[in-house]
Amino acid sequence: MTTSHADLDTPGHDGAVEHHLTDDHGSDHGHDDHAHGEEPLGPIDVAAWGAGALGILLGAVVAFCFGMATGYFG
């Protein structure tokens, strides 16, 4: 982000309250004022999700080994 939207909501700023009124959501932009545009999602990164799943699996194996070493499972 190049600018902070929080600067516009500070107390005392002109329009700070009107910005959050419930009747000002979506009527002038075609979408929710606080949402993002209709950008399509990119492809699924199979390698990244696979590495994450492998990390969780290996973490479970390490936790199981600690349990075996301390006598928790047997």
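You'll find the structure just up there.
All of these numbers come straight from a predicted model, not from anything done at the bench.

K.L.:
Can you walk me through the overall build of the protein in this structure?
P.N.:
Looking only at helices and strands, the protein has one helix and zero strands in total. Counting all 74 residues of the protein, 3% fall into the buried class. Element-wise, carbon and sulfur atoms account for 66% of the exposed surface of the protein, whose accessible area totals about 6,600 Å².

K.L.:
Hey, could you run me through helix α1 (residues 46–69) in this one?
P.N.:
It helps to recall that an α-helix has 3.6 residues per turn; residues three or four apart then point in one direction. Compared with the 34 Å implied by 1.5 Å per residue over 24 residues, the 34 Å span of α1 between its first and last C-alpha is a close match. Looking one or two places after α1, you find Gly-71, whose phi comes out positive at around 85°.

K.L.:
Whenever I open this one, a nonpolar patch on the surface confuses me. Can you help?
P.N.:
Taken together, the side chains of Leu-54, Leu-57, Leu-58 and Val-61 present a nonpolar region at the surface, about 360 Å² in accessible area. Mapped onto the elements of the fold, Leu-54 is located in helix α1.

K.L.:
Just to check I follow, could you spell out the environment of Gly-67 for this structure?
P.N.:
In this structure, Gly-67 sits in helix α1. Beyond its immediate stretch of four places on either side in the chain, Gly-67 contacts Tyr-72 and Phe-73.

Rules of the game
- Along each chain, residues carry numbers from 1 onward, in the same order as the chain's sequence is written.
- With pLDDT at 70 or above as the cut-off, local features in this predicted model cover only qualifying residues; side-chain atom pairs require 80 or more to be listed or tallied, and sums for whole chains, interfaces and linings still use all residues.
- To obtain the side-chain values, all non-hydrogen atoms of the structure were used and water was disregarded.
- Put simply, DSSP H or I for four residues or longer makes a helix, DSSP E for two residues or longer makes a strand, and each gets a number counted from the N terminus.
- Throughout this description, buried means an accessible area under 20% of the type-specific maximum (1.4 Å probe, protein chains only), exposed means over 50%, and partly exposed covers the range between.
- Using a 1.4 Å probe, accessible areas were evaluated by the Shrake-Rupley method; residue-level cover was limited to the displayed protein chains.
- Under the convention used throughout, the expected extent of a helix is 1.5 Å for every residue step, that is, one less than its residue count.
- Note that patches include only residues with greater than 30% relative accessible area and no salt bridge, and the join distances are 9 Å for like charges and 5 Å for nonpolar side chains (Val, Leu, Ile, Met, Phe, Trp, Tyr).
- Whenever Lys or Arg places a side-chain nitrogen within 4 Å of a carboxyl oxygen from Asp or Glu, that contact is recorded as a salt bridge.
- Should any heavy atoms of two residues lie within 4.5 Å, those residues are counted as being in contact.

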